[in-house]
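Chain and residue survey
Listed below, chain by chain, are the residues.
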Amino acid sequence: MPGVYCMRGAHGEVLYVGKSTKVRTRLLSYFRLPWPEHRHARLLRETTRIEWEPLPSEFAALLREVRLIRAHLPRYNVRSARPLDQWWVVTIAKGPAPRLRIQRASAAARSRDVAQMIGPFASRRPLQDALRVLNDALGLRDCSDRVRMHMRDVAELFEESHPAMQRTPGCHRYETKRCLGPCVGASGEYEYRTQLSRAKAVLEGRDGTPHQQLVREMAVASAALSYERAGWLRDRLTALQELDAQLARVREALTRPSFVYAVPGRDTDDRLYLVRHGRVVGEARCSEPDSVNALQTLESKATQPPTGVIVDQLDELLMVESWFRGRNGVDALVADTVAGALEKLAAHGRSSSQLNAES
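The sections below set out a description of the structure shown in this document. None of the values given here were measured: they were computed from a predicted structure.

So, on to the overall build of the protein. Scanning the protein from terminus to terminus reveals 12 helices and 10 strands. By the burial criterion, 44% of the 359 residues in the protein qualify as buried. When the accessible surface of the protein is summed, it comes to about 19,700 Å², and 50% of that surface belongs to carbon and sulfur atoms.

Spelled out as structure tokens, the structure:
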């Protein structure tokens with residue numbers, strides 16, 4: 001029977017979450033592994049309690065596994081089983097002049113200092129190059145969080161000759177007009193936040209102004225026979241374009257229309273899943289009329305597609321996208337409505353009954 005299982009340590013912490021189409025067989029296999037060579041044998045040595053949960057289908061088991069891993073982030077779940085560890089995001093912290101910071105999605109999801117997250121991105125290096133371009137184009141700081149900020153809003157409380165106003169920039173970027181200079185009181189909070197919002201729009205694919213500006217500057221450089229500068233500008237444009245390419249897969253999943261997925265289950269435990277913008281937002285057991293009615297009520301409520309990715313649900317989005325992109329999506333019982341999904345499920349049941357009778 002499909003299902004998920006959790007292995008807990010001495011203090012009740014979840015060490016590992018797994019799923020299998022045959023949970024009993026999978027759990028018994030752990031006791032035959034060589035100690036101490038095998039990682040799962042070492043895991044078993046630390047385990048004081050094993051919990052398992054039977055589920056009616058492989059899809060139900062995958063969904064439950066993803067949500068348990070997201071909730072507990074077990075240390076024995078390697079990166080291949082913890083999708084958030086494979087992705088990078090740009091985070092914006094709290095405060096008057098936060099910088100754009102690159103973090104792993106898993107670390108960002110756990111952080112309490114993060115105000116906004118943008119992403120996800122599959123590779124760190126192109127992201128670093130693109131942020132360098134954006135910071136220069138929009139005048140955003142890229143210095144360490146240890147550098148104190150002195151916004152113009154506060155600086156206006158003092159005379160220019162006041163000792164608190166006698167500051168020098170922490171780097172050369174302000175002097176070369178590539179930073180608004182929040183460290184020396186050269187920028188107000190509103191001005192800085194405006195540019196930060198523009199950077200967020202670029203990273204989410206909603207603003208192509210920096211791309212267009214680079215194209216214009218390349219044309220000017222080429223016309224002036226300044227080919228070295230034109231090549232430098234081309235590399236910066238390429239960095240932004242590679243960033244767009246990284247987001248393409250997730251954007252496609254987010255813009256996918258709403259649908260209902262019917263999944264035949266073991267022991268007639270058939271279920272319906274309402275999928276919106278790449279994520280499962282509702283579930284119902286077909287054998288429970290109240291559950292189906294609640295899903296129909298949820299289905300009738302309009303929702304707006306997110307402009308960016310909800311990072312703490314990215315793992316689920318990728319799981320759903322992979323499921324329907326692979327072989328499982330070919331014969332999936334998918335419909336636009338709950339009623340349509342129930343009809344397909346009934347037709348599938350009749351077909352299966354006929355096949356069983358003929359055999």
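That covers the picture; the talk isn't over yet.
Read across the open sheet, the 4 strands follow the order S9-S8-S7-S10; overall the sheet is antiparallel. At either end of the open sheet lies a strand with only one pairing partner, and these are strand S9 (279-285) and strand S10 (333-335). If you compare each strand with its neighbour and ignore which way they point, the axes differ by 25° on average. Alignment of strand S7 (residues 259-263) against S10, held across 3 bridges, turns out to be antiparallel. What sits directly across from Val260, in S10, is Ala335. Running at roughly 75° to S9, helix H11 (residues 314-325) makes contact with S7, strand S8 (271-276), S9 and S10 of the sheet.

Summed over all chains, the structure comprises 18 salt bridges. Note that Arg173 and Asp142 form a salt bridge whose closest N and O atoms lie 3.5 Å from each other. On the criterion of sequence distance, the pair formed by Arg173 in the loop between helix H6 (152-155) and helix H7 (189-203) and Asp142 in the loop between helix H5 (124-138) and H6 is long-range, its members being 31 residues apart. Across the salt bridge formed by Arg271 and Glu283, the nearest N and O atoms sit 2.8 Å from each other. Here the residue Arg271 occupies a position in strand S8, and Glu283 occupies one in strand S9, the gap between them amounting to 12 residues. By relative accessible area, Arg271 is classed as buried at 8%. Where salt bridges share partners, they join Asp136, Asp142, Arg173, Arg178 and Arg236 into one cluster.

Turning to the packing of aromatic side chains, a few remarks are in order. Applying the stated rule across the entire model yields 8 aromatic pairs. Taken together, a centroid distance of 5.2 Å and an interplanar angle of 85° make the contact between Phe259 and Phe324 edge-to-face. You can see Phe259 sitting in strand S7 and its partner Phe324 sitting in helix H11, a full 65 residues away along the chain. One aromatic cluster is present, formed by Phe59, Phe259, Tyr261, Tyr273, Trp323 and Phe324 through successive ring pairs. Directly above the ring of Trp35 sits Arg45, whose terminal nitrogen or CZ lies 3.8 Å from the centroid.

Here the focus is helix H1 (residues 23-30). When we look at burial in H1, the residues that qualify are Val23, Leu27 and Tyr30. Projected down its long axis, H1 carries its buried residues within an arc of 45°, all on one side. The inward-facing, buried residues of H1 abut strand S1 (3-8), strand S2 (14-20), helix H2 (39-46) and strand S3 (49-54).

Our focus in this paragraph is the environment of Thr47. Its location among the elements puts Thr47 in the loop between H2 and S3. Sequence-wise, Thr47 and Met7 are 40 residues apart; in three dimensions their C-alpha atoms are separated by 5.9 Å. Looking at Thr47, its side chain comes within polar contact range of the main-chain oxygen of Leu43, at 2.8 Å.

Before going further, it helps to spend a moment on the nonpolar core. In globular proteins that are soluble, nonpolar side chains generally tend to be buried together. Grouped together as the largest cluster of nonpolar side chains are 35 residues, with contacts concentrated most on Val90, Leu100, Leu127, Leu131 and Leu203. Breaking this core down by element, the ones donating at least two residues are strand S4 (88-93), strand S5 (100-104), strand S6 (114-121), H5, H7, helix H8 (209-223) and helix H9 (227-255). The residues touching Val90, leaving out its near neighbours within four places in the chain, are Leu100, Arg101, Gln116, Met117, Ile118, Phe121, Leu127, Leu131 and Leu203. Ala60, Tyr273, Met319 and Ala332 belong to the second largest nonpolar core, which has 24 residues in total.

Looking at where His40 falls in the secondary structure, it is placed in helix H2. Given the relative accessible area of 14%, His40 is considered buried. A distance of 3.3 Å separates a polar atom in the side chain of His40 from a polar atom in the side chain of Arg39. Every residue in contact with His40, bar those within four places of it in the chain, is listed here: Tyr16, Tyr30 and Leu33.

What follows concerns the packing of H5 against H7. Two numbers describe how H5 lies on H7: the axes approach to 10 Å, and their chain directions differ by 145°. The chirality of how H5 crosses H7 is right-handed. Counted together, Leu131, Leu134 and Leu138 of H5 and Gln195, Arg198, Ala199, Val202 and Leu203 of H7 form the full contact between these two elements. In terms of residue class, the contact of H5 with H7 is made up of 6 nonpolar, 1 polar and 1 charged.

Here we take up the packing of helix H3 (residues 58-72) against H11. Remark: H3 packs on H11, axes separated minimally by 9 Å, with the N-to-C direction vectors making an angle of 160°. Between H3 and H11, the angle is such that the two are roughly antiparallel. The handedness of the crossing between H3 and H11 is right-handed. Residue-level inspection shows Glu58, Phe59, Leu62, Leu63, Val66, Arg67 and Arg70 of H3 in contact with H11, the latter providing Asp315, Glu316, Met319 and Trp323. Residue composition of the contact of H3 with H11, grouped by class: 6 nonpolar, no polar and 5 charged.

Rules used throughout
- Residues numbered from 1 in each chain as written.
- Predicted model: local features only at pLDDT ≥ 70, side-chain atom pairs only at ≥ 80, totals over all residues.
- Heavy atoms only, no water.
- Helix = DSSP H or I, 4+ residues; strand = E, 2+ residues; numbered from the N terminus.
- Buried < 20%, exposed > 50% of the residue type's maximum accessible area, 1.4 Å probe, protein only.
- Areas by Shrake-Rupley, 256 points an atom, 1.4 Å probe, with all protein chains shown as cover.
- Pairing = 2+ DSSP bridges.
- Axes fitted to C-alpha atoms, helices over the stretch in contact; angles between N-to-C directions.
- Contact = heavy atoms within 4.5 Å.
- Salt bridge = Lys/Arg side-chain N within 4 Å of Asp/Glu carboxyl O.
- Phe/Tyr/Trp six-rings, centres within 6.5 Å; stacked < 30°, edge-to-face > 60°.
- Lys NZ or Arg CZ within 6 Å of the ring centre and 35° of its normal.
- Arc of directions from axis to C-beta.
- Polar contact = N/O pair within 3.5 Å; in protein donor to acceptor, adjacent residues only side chain to side chain.
- Core = buried A, V, L, I, M, F, W, Y, C linked by side-chain atoms within 4.5 Å.
- Left-handed = near helix turned anticlockwise from the far one by under 90°.
- Nonpolar A, V, L, I, M, F, W, Y, C, P; charged D, E, K, R; others polar.
- Parallel < 35°, antiparallel > 145°, perpendicular 65-115°, else oblique.

Honestly, that's just the spatial picture; any functional story needs more than this.
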